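# Structural characterization, general
What follows is each chain in one-letter form.
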Amino acid sequence: MKIKTLFSPKPLHPIQMGWFILIELLLLFGETFSKFHLFGPFHLFDFSFLLLAGWSAWYYFKQPRAFLVWPVLFILGFSVIYLIYSYLAQLGPVNYMVRQYAMFVYMGGSWLLFASFISPEYQKFNVRFIALMGLAAVGLQLIYHAYLFLFTDDFSLFGAFNYYNKMAVMALIVAGAYGLVYFNKSWQKIGFGLLYLLLTTTLGHSSAFLAAFFVLTAYIVLKANKLIKIAGLGLIVVALVVFVLYLPQFSDHNAEWRMVFWKVSLKEIIVDKSAILGHGFGVPYSSQQVLDMFRESLNSPWFEVRPEEQYLSPMHNSFITLAFHLGLIPALFIVVPLIPAFNYLFFAAPGEHLPRLDFLVLALLGASVWASFNVVLELPHSSTFYWLIYFTLVYNLRTRQSLPV
């Protein structure tokens, strides 16, 4: 997919265009857009997204054939049951229930948007848009670095938060997948790969570099024979151990904070809730055991001096948050539509590869690693972009189209 083919004079579906515009505004303006307050409980992005989802419902019910992802619909139905139960049982304040349930609104709304317009022709526009977002993020990040260098007295390229915004980080991770798959010449792949790794190390988020590393390693696994695939998996394991043990970014206070939170939360989800039941909505994310360990092990009374954050700050792992609300086994249904992607990644022969599918698999892998270390699916900043990649990949896995994009 050459850069010039990313642009098309053909018209987008109006729902698709509206969705793309919202994501573009998130990339350009970040939290200034997503947190802009309109009235009551509504912010600009959420209000616009709900209006667009309502409009897409009309299109969806007109279609004789629908794009149904039953595991996702099961999760959404299960979440509604838990939401009703949480309200009737008065598990917590209603405003916190609504805020915590937002991650399922973004998931369900994105599925409804996608299902309302998807077709083989519009699928090509999805893939092009995802790639364009990645390339735009590279340009924005380079410009932002130049701005910080010129106009910030204490600018440091490493060890500081230098990312443009949260959407740009995810899009930048996706850009690596585009360069590896669609740049044809070796020098282009190597040059872009080096720039990719350099940029992700300067953002101030070690998890961004980790996501980029996974994308690069997965590309090697994707293109290699079985022996190299096994070696690539071994490289991932060794690299993870090295990162955790020797890189300070993976053993600092924030990393320890995450490890403690994850350890206690997973114990509660798997042992106390038998991996089946969830906590529902409107309840604190941090149990008393979490508060005690933060205070004793990390000398961090953050949640105790800010009680409202117990309801608003989840575990910085969107998939653990999903399991926290619904239970581990119900949350694992999110992986079911992606099983063909795992088979494709590890078992597809070189002659069976399709560039579009390679790109989407790598893009979702990188975005998922990023979401595994940050609050992504729970917030508006980049959750809908994640679900666009997710559903675009699921659709492509079903159709396996080799049409040029």
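Here the structure is shown first, and the text comes after it.
It should be emphasised that the depicted structure is a prediction, and the values quoted were computed from it without experimental measurement. (Residues numbered from 1 in each chain as written. Predicted model: local features only at pLDDT ≥ 70, side-chain atom pairs only at ≥ 80, totals over all residues. Heavy atoms only, no water.)

### Quick look at the packing of helix H5 (residues 94-117) against helix H19 (residues 383-399)
The cut-off we apply is this: Fitting a line to C-alpha atoms yields each axis, with helices limited to the stretch in contact; the angle taken between N-to-C directions then spans 0 to 180 degrees. Strands here mean DSSP runs of E at least two residues long; helices mean DSSP runs of H or I at least four residues long; both are numbered from the N terminus. These descriptions rest on fixed angle ranges, namely under 35 degrees for roughly parallel, over 145 for roughly antiparallel, 65 to 115 for roughly perpendicular, and the rest for oblique. For any pair of crossing helices, the crossing counts as left-handed if the nearer helix is rotated counterclockwise from the farther one by less than a right angle, and right-handed if it is rotated clockwise. We call two residues contacting when some pair of their heavy atoms lies within 4.5 Å. Amino acid classes used here: Ala, Val, Leu, Ile, Met, Phe, Trp, Tyr, Cys and Pro are nonpolar; Asp, Glu, Lys and Arg are charged; the rest, including Gly, are polar.
It is the contact of H5 with H19, at a shortest axis distance of 9 Å, that shows an interaxial angle of 50°. Considered as vectors, H5 and H19 are oriented oblique to each other. The handedness of the crossing between H5 and H19 comes out as right-handed. Listed contacts from H19 to Tyr106, Met107, Ser110, Trp111 and Phe114 of H5 are Ser383, Thr384, Trp387, Leu388, Phe391, Thr392 and Tyr395. For the contact of H5 with H19, a count of residues per class yields eight nonpolar, four polar and no charged.

### What about the pattern of salt bridges?
For the record, the criterion: We define a salt bridge as a contact between a side-chain nitrogen of Lys or Arg and a carboxyl oxygen of Asp or Glu at a distance within 4 Å. Relative accessible area decides the class of each residue, using a 1.4 Å probe on protein chains only: under 20% of the type maximum gives buried, over 50% gives exposed, and in between gives partly exposed.
Throughout the structure, instances matching the rule amount to four salt bridges. Between Glu31 and Lys166 there is a salt bridge; the shortest N-O distance is 3.1 Å. With Glu31 in helix H2 (residues 31-34) and Lys166 in helix H7 (residues 166-182), this pair connects stretches of sequence that are 135 residues apart. By relative accessible area, which is 30% here, Glu31 ends up partly exposed. A salt bridge links Glu121 to Lys124; its shortest N-O distance comes to 3.5 Å. With Glu121 and Lys124 both in helix H6 (residues 120-151), this residue pair falls three residues apart, about one helical turn.

### Looking at helix H18 (residues 355-371)
Worth spelling out the cut-off: Each residue after the first adds 1.5 Å to the expected span of a helix.
With 17 residues, H18 should reach 24 Å at 1.5 Å per residue; the first-to-last C-alpha distance of 24 Å fits that figure. Of all the 17 residues making up H18, 15 are buried; the element is thus mostly covered by neighbouring parts of the structure.

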